[in-house]
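# Structural overview
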Amino acid sequence: MNTQLRLGLAAAIALSLAPAVSSGAFAQGRPPTSAQPEKNFPFDASWTLLQAGGKQASGYRITLKVDSNLRGTGFSGCNNFSAAAYPLRQQGFAVGPIAVTKKACDSGAMGFERSFLLALRSAKQWDLVQGRLVLKTGQGDLTFERGI
């Protein structure tokens, strides 16, 4: 009777797993995977800002580069800037305090620069979408295209 109980239990388990095994990843000969593989941050690439919070960044050549030493540098429309920049797991992103040169420019450039730097400092996530770097911030997305 002990053998019959074991066989019955084995049959019940096999039947309960049959739908999962016959459809899905196991049926295709591969183990199940997570929704998307983790992306690698593009270190040492130069990026030029296209949009900030949905607004075109035309007229301002704003750049960003994050090197493999986790240093973010660039030009913010009027001044050069530098900050610690940390791509994190699950496409998280953190920016430390930003150091900026003290050049004075017209009020339009200074206002755009201030908005950009505040958004950059509040960046929480990053993604690569159609070859563009997107930083998700508290003030909206910053979208960059690869520079030269």
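Since this is a predicted model, take the numbers as computed values, not measurements. (Residues numbered from 1 in each chain as written. Predicted model: local features only at pLDDT ≥ 70, side-chain atom pairs only at ≥ 80, totals over all residues. Heavy atoms only, no water.)

Let's shift gears to the packing of aromatic side chains. Tallied over the entire structure, the rule returns six aromatic pairs. Ring geometry for F41 versus W126: centroids 5.1 Å apart, planes at 85 degrees, classification edge-to-face. Of the two residues, F41 is situated in the loop between α1 (2-22) and β1 (46-52) and W126 in strand β7 (residues 125-129); the sequence distance between them amounts to 85 residues. Pairing F81 with F116 gives two aromatic rings, centres 5.9 Å apart and planes at 65 degrees, and the pair type is edge-to-face. One end of the pair, F81, is in strand β5 (residues 80-87); the other, F116, is in helix α2 (residues 107-121), with 35 residues separating them in the sequence. The pair formed by F81 and F116 is uniform in burial state, with each residue classed as buried. By way of ring pairs, the aromatic residues F41, F43, F93 and W126 are connected into one cluster. (Phe/Tyr/Trp six-rings, centres within 6.5 Å; stacked < 30°, edge-to-face > 60°. Helix = DSSP H or I, 4+ residues; strand = E, 2+ residues; numbered from the N terminus. Buried < 20%, exposed > 50% of the residue type's maximum accessible area, 1.4 Å probe, protein only.)

A word on α2. Along an α-helix, residues three or four positions apart point the same way, because every turn accommodates 3.6 residues. With 15 residues, α2 should cover 21 Å at 1.5 Å per step; its first-to-last C-alpha distance of 21 Å lies within 8% of that length. Taken residue by residue, α2 has A109, F112, E113, F116, L117, A119 and L120 as its buried positions. For α2, the angular spread of the buried residues around the axis is 160 degrees, confining them to a single face. Exposed residues pointing more than 90 degrees away from the buried face of α2 are listed as S107, R114 and L118. (Expected span 1.5 Å × (residues − 1). Arc of directions from axis to C-beta.)

Right, let's get into the state of the cysteines. For the structure shown, the criterion picks out one disulfide. Across the disulfide, C78 is cross-linked to C105 (sulfur-sulfur distance 1.8 Å). Between C78 and C105, the S-S torsion sits near 95 degrees, and that sign places the bridge as right-handed. Of this pair, C78 sits in the loop between β4 (71-75) and β5 while C105 sits in the loop between β6 (93-100) and α2, and the two are 27 residues apart along the sequence. For C105, a relative accessible area of 28% translates into the label partly exposed. (Disulfide = S-S within 2.5 Å.)

Where β7 lies against strand β8 (residues 132-137), five bridges are found, and the strand directions are antiparallel. In the sheet register, Q125 faces β8, and the bridge partner there is K136. Hairpin connection from β7 to β8: two residues lie between these consecutive antiparallel strands, with Q130 at a positive phi of about 50 degrees. Note that β8 and strand β9 (residues 140-146) share five bridges and pair antiparallel. Along β9, the bridge assignment pairs K136 with D141. Once β8 ends, the chain turns through two residues before running back antiparallel as β9. (Pairing = 2+ DSSP bridges.)

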